[in-house]
Amino acid sequence: MSVFVKKLVEKASLKKHAGFSDNLKPEDLHPYLVFHYGIPSGSILLAYDSIQQILAISTKDGQIKLFGKDGSQALLESSETIPSKFLLFIENQGILLNVNVKNHIEVWDLDRKFLSAIHHFEKEITSFAAIHTGPYMYIGDSGGDVSVLRLHQDQCRIELMKYRIPFSASHGKINEVGIDIAAKVVLPQPTAETKRVLIIYSDGVITLWSIEESKVICTNSSGTALQSTYQEAKKVTSACWACPDGTKVAVGYSNGDIFLWNIPCPSESKTEQNFQVTPIYKLNLGYKADKIPIAKLKWADADGKSSRLYVLGCSDSHSANMLQVVLLNEQTETRTIKLGLHLSESLIDMEITTSSIGQDKHRRDSLILLGRSSNVFTYDDSSIERYLVQCQTKSSPSLPKGETINLPYGDSTITVTKFITNTPCTPFSSDEEFNMVEKYGLPLFPFEKRLVKDGSNSNSTAFVPFSKAANLFITGHSSGAINFWDASRPLLLPLASITQQSENDISISGVPLTALFFSYESNTLVSGDQSGTVRIYTLKSEAFAPQTSFLSFQGSTKKGSNHVVRKIKAVKVNGSVLSINATENLKHLAVGSDKGYVSLIDPEGPNILYQKHFASELCTGIISMHFETCSFHGFEKNVVIVATKDSSISALDKDTGNSLSSAVVRPNKPSTALFTRILDGNDISINSDNSAQKQTSLLLCSEKAVYVYSLSHLVQGVKKVVHKKKFTSSCYWASTFGSPDIGLILLFSSGKIEIRSLPELSLVKESSIRLLTFSTFRPSDIIVSSSNDGELIIVNADKELLFVSTLLHNEAYRLLETVSQVVNRDLIGDQGLICSPSTKEKKKGIFSSVMKDNKSIKSRNGLDFENEDSRLSVEELSAIFSAVNFPIDRETSEKSTRNEDDVDLDIDDIDIEDPKEKQGVGYSAMAGLNRLNISNKFQAIKGKIKNAKVKNDKVPVTDEPHEEKTGAVDQIKKKYGYATSGESGVANTAKTKLSENLKKLQQGINMKTTEMQDTARSFSSMAKEVLRFAEKEKGT
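Calculation notes
Residues numbered from 1 in each chain as written. Predicted model: local features only at pLDDT ≥ 70, side-chain atom pairs only at ≥ 80, totals over all residues. Heavy atoms only, no water. Helix = DSSP H or I, 4+ residues; strand = E, 2+ residues; numbered from the N terminus. Buried < 20%, exposed > 50% of the residue type's maximum accessible area, 1.4 Å probe, protein only. Contact = heavy atoms within 4.5 Å. Areas by Shrake-Rupley, 256 points an atom, 1.4 Å probe, with all protein chains shown as cover. Phe/Tyr/Trp six-rings, centres within 6.5 Å; stacked < 30°, edge-to-face > 60°. Lys NZ or Arg CZ within 6 Å of the ring centre and 35° of its normal. Polar contact = N/O pair within 3.5 Å; in protein donor to acceptor, adjacent residues only side chain to side chain. Expected span 1.5 Å × (residues − 1). Arc of directions from axis to C-beta. Pairing = 2+ DSSP bridges. Axes fitted to C-alpha atoms, helices over the stretch in contact; angles between N-to-C directions. Core = buried A, V, L, I, M, F, W, Y, C linked by side-chain atoms within 4.5 Å. Patch = residues over 30% accessible without salt bridge, like charges linked within 9 Å, V, L, I, M, F, W, Y side chains within 5 Å. Salt bridge = Lys/Arg side-chain N within 4 Å of Asp/Glu carboxyl O. Lys, Arg positive; Asp, Glu negative; His and termini not counted. Charge placed at Lys NZ, Arg CZ, Asp CG, Glu CD.

Participant: I tried to follow the overall build of the chain on my own but got confused; where do I start?
Facilitator: What the chain contains, in helices and strands, is 14 helices and 58 strands. Burial statistics for the chain: of 1036 residues in total, 51% are counted as buried. In the chain, the proportion of contacts linking residues at least 24 apart, taken out of those at least 6 apart, comes to 57%. With the model as given, the accessible surface of the chain reaches about 49,000 Å², and the carbon-plus-sulfur share is 50%.

So this is what it looks like as structure tokens:
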């Protein structure tokens, strides 16, 4: 009786802790992604903030993964599931700009992880760059124009400035252009980024543009400079600066050519001189021979002697010349020293990151490479530099070694998992927990490894005690190892590791694990592997008791395993183990194999009591076994319910292994079975004597449907479907939650999550998680484990972990805010994020302030920033970019107007003054445009006046203080001759202005008419005189 009471209390306490009620309510459920760890599937683009040290990876379905310092990670999701084509940090401001394939510019606030603004650009964006010292960006488009945008972070919007660099003014060879005239690359000049910008067009023209003067300083379009490099058809595909002061640029082409160009840097007093962009030399790296376009170029500074150019080729097929690093110094032109990095797949992007290691903050630069299949590779950049420098001395240095970024949770692939939450524990205090994560958390990237005070590696020497783990995550690996993790927070901490061994043979066999069973109450772990070996581990109870010291994280020796393992027993079954289950008292184990065998094992021996084979024409694998006591022909009988992969269900006599019926229960249309569960007493039936009796049922979930069978009928071979639900899409995983089971969780290949009630199978909640769609990963790579309270951990191969919660108020993880905070607020200036200073009241904003530690910034980026004394202030740039420097054509003007959300029409927009009174750039062209649009604007003004009347009529006047304030303003206006703001003040003002402009227009028309009449009379009189003279000449 005491045992029964104990079990009842345990169930009741678990039920209360999980927050479940008897009925599943939609308001209690909220399936969502709690945290994402690792490299997301479908990765296509990289970006890096060298000051904040944040790496960003965007995906083809509109997601952006962020990796910050100290292992912090965050995931951003755009509203549109489309790829990015440009990804750019506003450095040290916590701002990330994402341009998608629809030419929408997203502004992400990384501190709040919030999409603060979206700007819809009207043209095809072909290049994107930002000024480091101001809130301005350059946008190059497919028509060859370059536009300027301003980011107003405080107002959450992007403003299209009036300043622009038109193709006709900057290209220089308008009459000779081809079809592709896109502004392919826009590069602000490092030492003068507020004054000059370099524009490189697809056809190869390179132009250095003066921002203040709105004119070309120098170009390669004149003379033979461009012709000498264009002996065959090719297009510019990439470019980057190749020196710190912006006087050399490397340009890559579609045919595999790479040229270095000299960019003259004129002084302020010599801007009128004729400069020309000229080629310096050509790099022969083999891309042209393989016809590989240059996808990306990146330059790293090293004081000139060991500066390097990283060259990435673009090819769908794997090539040995895909990525090369070439040394750029005074010897490059005569001798090319290069290094080819040979990887297992083709690459699509690269970045160079910076991190600090150890107490002395030793700097380490790393080369990050992104593969086409979302694999990420990393190299120590110092080893690349060292190799190239040593090659100059004709020595034979060792090749740099790269690493593939995989989950750090074990040395081999995870093949099977178990997840247990709400375990009895004594959790860390807040300070202890921060220290544990910092000291024992395993880094995802090699450059994240930290050193403790004694100089040892803090990430590989110890694990925390079991008694501190509120959530326990167990992973079985392809090497046969078993690892225990503290999953109380999304960054897993190691608890223990057990290698694959038996009682008499401790050698590592390296056979992949395929099944796990774990009983926390009895400290028993059972594993099954691909060879059919079943190992039964009895763990030491003291390992789960409170600890004061840490145990060595070593699982490769018997000594390491003995820290947690008391004894090991092994037995072998026929076929690869697929499923393991046990009776409540652990007296018997049932093991199912892929060959259709069910083995009943006595773990004390261990002995195989019997084996039963289930033949099937479709799938012979045994996915589950359940021990149950049920009525069979009026007698209580211990049975084993067996389910196979083809959704067939059979019942065995537990004691003998004989089938209770020759009939097999299966759906009419068999499909792959995913999950089964005994639902204990959820159905209620009425007996003949009107007494209620609880019915035990079996839940079967397959890829196409879910069924609830009557268990009493099933053991007799009779199929009685109590509830059934067909799926509209393919389901790939299912499990129940609650104690007793009250809900069913279903995961679909479309990314949809359904939660259904039990046993009715009615839909209670439906949600969707973008990362779970099979458009980005393969179903065979997915391993899902769930806890009793609806928490899921999903493993995608060696790349990513997804923590998913189904309950609304269930806080299963600690430190969520800390581990997802990628922005270091202390590094950002006191003024906060980007602001828009007023032109009247000059404030020293972020972009106008002096950047701290200028030397360290230069060393990270390799580029010299503009001197503060010579740079234009934000206010000066604002004045330049806010003014129209070139006339805007009609179509562009209309599109710009449509892009603004709420632009007020002003009568002053209509310009009817005498041209002689206007002295502005481009006035003559605008005057003609004004005359063409004059009638349309009049109609728009009339509509605006009408709307203003309607708005004024609808506004109730109920606030007396407001009336007094308005009256005072009206008195001031009346004193100085302005119209008051009465009920029709807006309309009266507009009418007055309109009548004045109409009068001016009429006067102008009359003057023009008179002038034309006078001219006509003059021509007429002149014609008469000529005719009279001709007749006189003829007469004589």
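Participant: Could you clarify how one ought to interpret the packing of aromatic side chains in this entry?
Facilitator: How two aromatic rings sit relative to each other is set out by the distance from centre to centre and by the angle between their planes. Under the defined criterion, the tally for this structure stands at 18 aromatic pairs. A centroid spacing of 6.4 Å and a plane angle of 55° characterise the contact between Phe86 and Phe128, whose relative ring orientation is tilted. Placement of Phe86 in strand β6 (residues 84-90) and of Phe128 in strand β10 (residues 125-130) is noted, with a sequence separation of 42 residues between them. Residue classification places Phe128 among the buried residues on the basis of a relative accessible area of 11%. Ring centres 4.9 Å apart and planes at 65° place the aromatic pair Tyr136 and Phe881 in the edge-to-face group. With Tyr136 in strand β11 (residues 136-141) and Phe881 in helix α10 (residues 874-881), the pair connects residues that are 745 residues apart, well separated along the chain. Tyr136 gets classed as buried once you look at its relative accessible area, which sits at 1%. The class for Phe881 is buried, based on a relative accessible area of 0%. Positioned above the aromatic ring of Tyr253 is the side chain of Lys234, whose terminal nitrogen or guanidinium carbon lies 4.4 Å from the ring centre. If you follow Lys752 out to its NZ or CZ, it ends over the ring of Phe748, 4.6 Å from the centre.

Participant: Looking at this structure, I do not really get the side chain of His477. What am I missing?
Facilitator: Here His477 lies in strand β33 (residues 472-477). His477 gets classed as buried once you look at its relative accessible area, which sits at 1%. Within polar-contact distance, the side chain of His477 engages the side chain of Asn483 at 3.1 Å. Apart from residues lying up to four places away in sequence, His477 is in contact with Tyr409, Gly410, Ser412, Thr413, Ile414, Thr415, Asn483, Val511, Pro512 and Leu513.

Participant: When you look at helix α4 (residues 381-392) in this model, what are you seeing that I'm missing?
Facilitator: Because each turn of an α-helix spans 3.6 residues, side chains separated by three or four positions end up pointing in the same direction. With 12 residues, α4 ought to run about 16 Å at 1.5 Å a step, and its terminal C-alpha atoms sit 17 Å apart, in line with that. Taken residue by residue, α4 has Asp381, Ser383, Ile384, Tyr387, Leu388 and Cys391 as its buried positions. The arc enclosing the buried residues of α4, seen along the axis, measures out at 165°, which places them on a common side.

Participant: Just to check I follow, could you spell out the sheet that holds strand β37 (residues 524-529) for this structure?
Facilitator: The strands making up a sheet associate through backbone hydrogen bonding, with each pair oriented either parallel or antiparallel. As summarised here, the arrangement of the four strands in space is β36-β37-β38-β40, forming an open sheet in which the pairing is antiparallel. One side of each edge strand has no neighbouring strand; the edge strands of this open sheet are β36 (513-519) and β40 (565-572). Shown here is a sheet whose adjacent strand axes are inclined to one another by a mean of 15°, direction ignored. Relative to β40, strand β38 (residues 533-539) runs antiparallel, the two being bridged by seven bridges. Within β40, the residue paired with Tyr537 across the bridge is Ile568.

Participant: Would you explain the nonpolar core in this entry?
Facilitator: Taken as a class, soluble globular proteins show a tendency for nonpolar side chains to be buried jointly. Grouped together as the largest cluster of nonpolar side chains are 36 residues, with contacts concentrated most on Tyr37, Phe445, Leu801 and Phe803. Mapped onto this core, the elements with two or more residues apiece are β1 (29-38), β2 (43-49), β3 (54-59), β28 (362-371), β31 (414-420), β57 (791-796) and β58 (800-807). Here this core gets three residues from one element, more than from any other, and that element is β1. Setting aside anything within four residues of it in sequence, one finds Phe803 in contact with Tyr32, Leu33, Val34, Phe35, Tyr37, Pro490, Leu492, Leu792, Ile793 and Tyr813. Membership of the second largest hydrophobic core comes to 27 residues, among which are Tyr440, Phe466, Tyr520 and Phe544.

Participant: What exactly am I supposed to notice about the environment of Ser50 here?
Facilitator: Inspection of the secondary structure assignment puts Ser50 in the loop between β2 and β3. Accessibility expressed as a relative area gives 4% for Ser50, which makes it buried. As a C-alpha pair, Ser50 and Ser355 span 305 residues in sequence and 8.9 Å in three-dimensional space. Among the polar contacts listed, one links the side chain of Ser50 to the side chain of Glu91, at a separation of 2.9 Å.

Participant: I tried to follow the sheet that holds strand β46 (residues 635-644) on my own but got confused; where do I start?
Facilitator: Read from one edge to the other, the open sheet built from three strands follows the order β45-β46-β47, with strand pairing classed as antiparallel. Edge strands, defined here as strands with exactly one partner in the open sheet, are β45 (622-632) and β47 (649-653). In this sheet, adjacent strand axes meet at a mean angle of 30° when their direction is disregarded. Sheet topology places β45 next to β46; 10 bridges connect them, and they run antiparallel. Bridge pairing in β46 links Ser631 to Glu636.

Participant: So what exactly am I meant to see when it comes to a positive patch on the surface here?
Facilitator: On the surface, Lys669, Lys704, Lys719, Lys724 and Lys726 cluster together into a positively charged patch. Relative to the helices and strands, Lys669 is located in the loop between β47 and β48 (673-686). By relative accessible area, which is 66% here, Lys669 ends up exposed.

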